[in-house]
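Geometric and topological summary
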Amino acid sequence: MIRVLSGIQPSGELHLGNYVGALRQWVAFQDEYDAFYCVVDLHALTLELAPEDLRARTFDAACSLLAAGLDPDRCTLFCQSHVPEHPRLAWLLECTATMGELNRMTQFKDKSTRQEAVRVGLFTYPVLMAADILAYHAGAVPVGDDQRQHLELARELAQRFNNRYGETFTVPEAVVPAFGGRVMDLQHPRRKMSKSVDSPLGTVQVLDSPQEIARKVRKAVTDTDGDVRYDPGDKPGLANLLDLMAAATGQRPEDVAGKYTRYGDLKADLAEALVEMLRPLRERYDAYSADRGAVEAVLAGGAERAREVAAATYARAAGAIGLLPPA
Ligand code: AQP
């Protein structure tokens, strides 16, 4: 069975982009793949977060993942920092990557403009992400479109390491959904919806109430020409709504456009479709967040299983690169 690995940062409340671009695939992949999923708390350290917020968001992210439909009997769910092989392997890969490669990462360019003193971890983040993936010999990585470039780097590092030191890592493939791979901010439709950007009206949280979802969709920025057609270049706001409707209903965005003549009708139907899509998650979330012990037990069991795999990969990589094994 091919293994999948994917992660999510507890850098804020999970949003519609995370759900459509990633989580929904995670849930579906549990039955087709040997699935490993993690809350990547070490990645969240690249941003400014108060320790108590990081702890709370990590737990909340785990609750949201379970509420979205991850089932600990069908997947391995864990917290990244509970498996110390991730940063250990990242160091071996940092010594394989080049400054030039990391300098090209568009997410770094974008996020570094939002930090006054740019953290080294923000720069090396894609290498830690490569370690997350390569530690598990993941053949497939379900991600949103924004992570394609990081996935390319993980592939490149795996190949380089294998060529230099002998066959060690599986070279992973990105799996991006056909629709909804890049959900845009509802107020700034040329910018992706993001946890760490403050845009309360532009970001639909997965735990928003039906009323909040409807309000945000109603107020979504479109354009003034009134023509319902799918044109992401010229009509990014409308295209985003059509993409979301496509993702929620399994149709092509062009076909969705053909069914409407008024933006208002599309918005009303979209709000309804999103409310229904997120309803099960919203309804199950409270039960998980009220049962801290059960969620922590899931994470502990997941970390134990994850560590078995990651420790073996690390030992193999460390041996291949020439580190003397401990006696
Ligand atoms: N807007 C998006 N549309 C589609 N997919 C998205 N993802 C993120 N934003 C969108 C996908 O969600 C998964 C988890 O993302 P992440 O937590 O690793 O962080 P990110 O990609 O950097 O996304 P965020 O939400 O914007 O977080 P911050 O603001 O903290 O950086 C990934 O598979 C991602 O592709």
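Residues numbered from 1 in each chain as written. Predicted model: local features only at pLDDT ≥ 70, side-chain atom pairs only at ≥ 80, totals over all residues. Heavy atoms only, no water.

**Regarding the overall build of the protein chain**
Scanning the protein chain from terminus to terminus reveals 13 helices and five strands. In terms of C-alpha radius of gyration, the protein chain reaches 20 Å, essentially the compact-globule figure of 20 Å for 327 residues. Over its C-alpha atoms, taken along the principal directions, the protein chain stretches across nearly 70 × 45 × 40 Å. A buried classification covers 54% of the 327 residues belonging to the protein chain. A fraction of 76% describes how many contacts in the protein chain between residues 6 or more apart in sequence connect residues 24 or more apart. Taking the average location of the 37 positive side-chain charges in the protein chain and that of its 45 negative ones, the two points are 3 Å from each other. (Helix = DSSP H or I, 4+ residues; strand = E, 2+ residues; numbered from the N terminus. Rg over C-alpha atoms; globule rule 2.2 N^0.38 Å. Buried < 20%, exposed > 50% of the residue type's maximum accessible area, 1.4 Å probe, protein only. Contact = heavy atoms within 4.5 Å. Lys, Arg positive; Asp, Glu negative; His and termini not counted. Charge placed at Lys NZ, Arg CZ, Asp CG, Glu CD.)

**Looking at the site of the ligand**
Looking at the ligand, there are 25 residues lining it, with Ser11, Lys111, Asp146, Lys195 and Ser196 nearest. Residue histidine 15 places a side-chain N or O atom 2.7 Å away from an oxygen atom belonging to the ligand. For the ligand, the accessible surface in isolation is 630 Å², of which the surrounding protein chains cover 98%. Those elements giving two or more residues to the shell around the ligand turn out to be strand E1 (3-8), helix H1 (16-29) and helix H6 (106-112). Looking at the shell around the ligand, the element that brings in the most residues is H1, giving four residues. Tallied by class, residues from the shell around the ligand come to six nonpolar, 14 polar and five charged. (Near = heavy atom within 4 Å. Polar contact = N/O pair within 3.5 Å; in protein donor to acceptor, adjacent residues only side chain to side chain. Areas by Shrake-Rupley, 256 points an atom, 1.4 Å probe, with all protein chains shown as cover. Nonpolar A, V, L, I, M, F, W, Y, C, P; charged D, E, K, R; others polar.)

**Some points on the pattern of salt bridges**
Inspection of every chain in the model, using the stated rule, returns 27 salt bridges. For the salt bridge of arginine 74 with aspartate 71, the shortest nitrogen-to-oxygen distance reads 3.1 Å. Among the residues examined, arginine 74 registers a relative accessible area of 34% and is labelled partly exposed. Under the relative-accessibility criterion, aspartate 71 is labelled partly exposed at 22%. Between aspartate 265 and arginine 262 there is a salt bridge, and its shortest N-O distance comes to 3.3 Å. On the basis of relative accessible area, arginine 262 is assigned to the exposed category, the value being 54%. Salt bridges linked by common partners bring Asp223, Asp225, Asp227, Arg229, Asp231 and Lys235 together as one network. (Salt bridge = Lys/Arg side-chain N within 4 Å of Asp/Glu carboxyl O.)

**Section: the packing of helix H4 (residues 85-94) against helix H13 (residues 292-321)**
Where H4 meets H13, the axes come as close as 10 Å, and the angle between the chain directions of the two elements is 25 degrees. Relative to H13, the element H4 lies roughly parallel. The interaxial crossing formed by H4 with H13 has left-handed handedness. Along the contact surface, H4 presents Glu85, Arg88, Leu89 and Leu92, while H13 presents Arg307, Ala310, Ala311, Tyr314, Ala317, Ala318 and Ile321. Taken together, the residues that form the contact of H4 with H13 break down as eight nonpolar, no polar and three charged. (Axes fitted to C-alpha atoms, helices over the stretch in contact; angles between N-to-C directions. Parallel < 35°, antiparallel > 145°, perpendicular 65-115°, else oblique. Left-handed = near helix turned anticlockwise from the far one by under 90°.)

**Describing the side chain of glutamine 9**
Within the secondary structure, glutamine 9 is located in the loop between E1 and H1. The class for glutamine 9 is buried, based on a relative accessible area of 8%. Reaching out from glutamine 9, the side chain makes a polar contact with the side chain of tyrosine 125 at a distance of 3.3 Å. Leave out the neighbours within four places in its chain, and glutamine 9 touches Leu14, Val40, His43, Ala44, Thr46, Leu47, Lys111, Tyr125 and Lys195.

**Considering H13**
Over its 30 residues, H13 extends 41 Å from the first C-alpha to the last, a length consistent with the 44 Å expected when each residue adds 1.5 Å. The largest bend along H13 measures about 25 degrees and falls at arginine 307. For H13, the complete set of buried residues consists of Val295, Val298, Leu299, Gly302, Ala303, Ala306, Val309, Ala310, Thr313, Tyr314, Ala317 and Ala318. Glycine 322, located one to two residues past H13, shows a positive phi value of around 110 degrees. (Expected span 1.5 Å × (residues − 1). Bend = angle between axes of the 7 residues up to and from the residue.)

**Here's the deal with the environment of alanine 310**
Mapped onto the elements of the fold, alanine 310 is located in helix H13. Relative accessible area serves as the criterion here: at 0%, alanine 310 is assigned to the buried category. Distance from alanine 310 to glutamate 85, taken between C-alpha atoms, is 6.0 Å for residues 225 residues apart in sequence. The residues contacting alanine 310, other than those within four sequence positions of it, are Val83, Glu85, Ala135 and Tyr136.

**Here's the deal with the nonpolar core**
Core analysis: the biggest nonpolar cluster contains 59 residues, and Leu16, Tyr19, Tyr37, Leu65 and Leu77 have the highest contact counts within it. No other element matches helix H12 (residues 263-289), which puts 11 residues into this core. Each residue touching leucine 65, except ones within four places of it in the same chain, is listed here: Ile8, Leu14, Leu23, Trp26, Val39, Leu70 and Leu77. Judged by nonpolar contacts, the second largest core, of 44 residues, contains Cys38, Phe123, Phe169 and Ala310. (Core = buried A, V, L, I, M, F, W, Y, C linked by side-chain atoms within 4.5 Å.)

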